[in-house]
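Per-entry structural report
Spelled out from the first residue to the last, the chains are:
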Amino acid sequence: MSRVKANVLPQEILQSPGEHPRFIKQTLGPSLDFARIHLIKDKDVIDDYLAKNIKGLSKQEAAANRNSYKKNICIDMLRQGYHKSFSELFSLIEKWNALREAAGPGSAIWQQKSLEEQPDKLDQLYHFLTRAEAAQRAGHYEEVYDNQLNLAYYFNDPEDKWLSNYFHEQCFNTAKLITTDIRKREAQAHANMGLIKEEQGHVLKAAEYYETFYDLTVGSTWKDVTGHTYNSLASEYLWRIYTLLADKMLENKEHQQAIKTLKKALKMAKNGEMKIQGEATYCLSLAYYFAGEYQKALSTLDTSVKIFTPLCESAGLSRAYAAIAKILVSQGKAAETMKHLEEFMKAAENAHLSQSQVDACVLLGNIYNERGSYNEACEYFSRAYETAKTLNNLPLVDETKAYCGIAKAHKLMVPFNSHIEAEDLISLKYLLAWKENRSDMCTDPLTVEPDKETSASEPCEPLLETPDLDPS
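Here the structure is a predicted model, which means the values were calculated and not measured.

1. A look at the overall build of the protein
Of regular secondary structure, the protein possesses 19 helices and 0 strands. A total of 472 residues make up the protein; the buried ones form 46% of that total. Taking contacts inside the protein between residues at least 6 apart in sequence as the whole, the part at least 24 apart equals 60%. Summing over all exposed atoms, the protein offers an accessible surface of approximately 24500 Å²; the carbon and sulfur share of this is 51%.

2. Overview of the nonpolar core
Counting 118 residues, the largest nonpolar core has Leu89, Leu92, Leu125, Phe167, Phe213, Trp239 and Ile241 as the members making the most contacts within it. Considering each element in turn, this core owes the most residues, 13 residues, to helix H10 (residues 230-251). Residue contacts for isoleucine 241: discarding those within four places in its chain leaves Glu198, Val203, Ala206, Ala207 and Tyr210.

3. Regarding the side chain of glutamate 186
With respect to the helices and strands, the residue glutamate 186 is situated in helix H8 (residues 184-199). For glutamate 186, a relative accessible area of 14% gives the class buried. Every residue in contact with glutamate 186, bar those within four places of it in the chain, is listed here: Ala175 and Leu216.

4. With respect to the packing of aromatic side chains
Applying the stated rule across the entire model yields 16 aromatic pairs. Summarising the aromatic geometry, the rings of phenylalanine 23 and tyrosine 230 are spaced 4.8 Å apart at their centres and angled 70 degrees between planes, so their arrangement reads as edge-to-face. You can see phenylalanine 23 sitting in the segment before helix H1 (43-53) and its partner tyrosine 230 sitting in helix H10, a full 207 residues away along the chain. You can call phenylalanine 23 buried: its relative accessible area is 6%. Ring pairing ties together the aromatic residues Phe23, Tyr210, Phe213, Trp222, Tyr230 and Tyr237, which thus form one cluster. The ring of tyrosine 153 is capped by arginine 22, whose NZ or CZ atom sits 4.3 Å from the centre of that ring. In this arrangement the basic side chain of arginine 100 is found over the ring face of tryptophan 110, its NZ or CZ atom lying 3.9 Å from the centre.

5. So, the side chain of glutamine 124
Tracing the backbone through its elements, the reader meets glutamine 124 in helix H5 (residues 119-137). With residues near it in sequence (within four places) discarded, glutamine 124 still touches Leu28, Gly29, Leu151 and Tyr154.

6. Some remarks on unusual backbone geometry
A positive phi angle, close to 70 degrees, is found at arginine 183, a residue other than glycine. Residue placement: arginine 183 occurs in the loop between helix H7 (161-175) and H8. Here lysine 253, not a glycine, exhibits a phi torsion of approximately 65 degrees, which is positive. Relative to the assigned elements, lysine 253 resides in the loop between H10 and helix H11 (255-269). Here lysine 253 falls in the exposed class, since its relative accessible area comes to 62%.

7. Examining helix H4 (residues 83-103)
In a regular helix each residue adds 1.5 Å, so 21 residues correspond to 30 Å; H4 covers 30 Å between its end C-alpha atoms and thus fits that length. Where H4 is concerned, the buried positions are Ser85, Glu88, Leu89, Leu92, Ile93 and Trp96. Viewed end-on, H4 has its buried residues packed into an arc of 135 degrees, placing them on one side of the element. In H4, the exposed positions that point more than 90 degrees away from the buried face belong to Glu101 and Ala102. Along its buried surface, H4 packs onto helix H3 (69-79), H5 and H7. After H4 finishes, the residue glycine 104 shows a positive phi value of roughly 85 degrees.

8. Side note on H5
Compared with an ideal rise of 1.5 Å per residue, which puts 19 residues at 27 Å, H5 spans 27 Å between its outermost C-alpha atoms and is within 8% of the ideal. The element H5 is largely enclosed, with a buried count of 14 among its 19 residues.

9. Comments concerning the environment of asparagine 366
Inspection of the secondary structure puts asparagine 366 in helix H16 (residues 354-371). Each C-alpha atom of the pair asparagine 366 and phenylalanine 381 lies 8.4 Å from the other, and the pair is 15 residues apart in sequence. What asparagine 366 contacts, discounting residues up to four positions off in sequence, is Phe381 and Tyr403.

10. Section: a nonpolar patch on the surface
A cluster of nonpolar side chains, namely Leu425, Leu428 and Leu432, defines an oily patch on the protein surface of about 300 Å² accessible area. Structurally, leucine 425 is set in helix H19 (residues 425-437). Judged by its relative accessible area of 56%, leucine 425 falls in the exposed class.

Cut-offs used in this document
Residues numbered from 1 in each chain as written. Predicted model: local features only at pLDDT ≥ 70, side-chain atom pairs only at ≥ 80, totals over all residues. Heavy atoms only, no water. Helix = DSSP H or I, 4+ residues; strand = E, 2+ residues; numbered from the N terminus. Buried < 20%, exposed > 50% of the residue type's maximum accessible area, 1.4 Å probe, protein only. Contact = heavy atoms within 4.5 Å. Areas by Shrake-Rupley, 256 points an atom, 1.4 Å probe, with all protein chains shown as cover. Core = buried A, V, L, I, M, F, W, Y, C linked by side-chain atoms within 4.5 Å. Phe/Tyr/Trp six-rings, centres within 6.5 Å; stacked < 30°, edge-to-face > 60°. Lys NZ or Arg CZ within 6 Å of the ring centre and 35° of its normal. Expected span 1.5 Å × (residues − 1). Arc of directions from axis to C-beta. Patch = residues over 30% accessible without salt bridge, like charges linked within 9 Å, V, L, I, M, F, W, Y side chains within 5 Å. Salt bridge = Lys/Arg side-chain N within 4 Å of Asp/Glu carboxyl O.

So this is what it looks like as structure tokens:
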């Protein structure tokens, strides 16, 4: 299963949560007392174990040592009358085996231990399945749900994702039978099912679950174990899923529909953290831009900047100012572009946001470089490089170093081309001399008298001296 990825809007904004929210405090069942001798593979160790422990055992105790751990658990379930738990456990083991066979040799699941060979997991299944069955017989569906949810939380490793999803689906079915908690557990179940559908790529179905989750939590004070209200979680999930839907619309050039959907996303974002509100505003501005509504895009971007600035949110500020610069440059408003970026750099310096300072300098350097103002481009790229070194971010240092090199190469092309275009012997000598030492080149060879044979070795105006770019 793969998470839905954005194709037009920034992927880093739409990161799905790594795991399901914790609506209850997870508990673990105790280890069982069934003999685990069958797990010992070495014959000598088995013989030693038998000599020390298998003396005077009853017939049932001896059978427990002969049987597999799975068989002991199944026998105990049936002996205590937990037929439903037995059937469910057996069904899950068979499903695991079927998944393994379908994947075939060489697959990840093929290399894993079978569920029946993992006694710790069997312990948890035995404990919570039997408790859930006992609660179901008594009509206590809240307890049934909580036991199923504990199993969903327990199987949280990637290799057990299918088990987690299975128990979340069981929770969803059980929640419909609960009538004593004002639909609190039903809200939880819709949230978890939405996350499963989103992870599987079923965005529209996920949106339906999230919308129900939101409707069930309006006006409630319910909180998860981390202190987040259910309604704020629902708002965040809807913001993200609406943005993913809008991304697909933008990919299909359905600009107006995307704008409408992103407005819904922004409405949801306003119920959550300010950072999310800033991201939602930024995404809406991009939709306006793709639709050709540049003034609305700029206005919305300004709002995004106002949200991100007090938060000192470097990534958000950088994206917003980069988008502003792109729009203004496309409209030929170079002076206004420079003004906005200078404001960005000043704000970053005042807030001591080194990453934003680097981004601002790179943006300014790129604009000057494109306009042919190579001295200014070199200056800003060099500032970006020096600031990047303070962040101990080697990839960023390498990136800004490359920008410095590009700008200096462009600046070098000016005197180099003048020598090429001169098409005389002296210019050729200067080029050959520069090729040998790569340090000096006379910027105007026509100012040197052509009858001097030593002219190629005379001091020339220094070309661009590249500053030390050693990141250490």
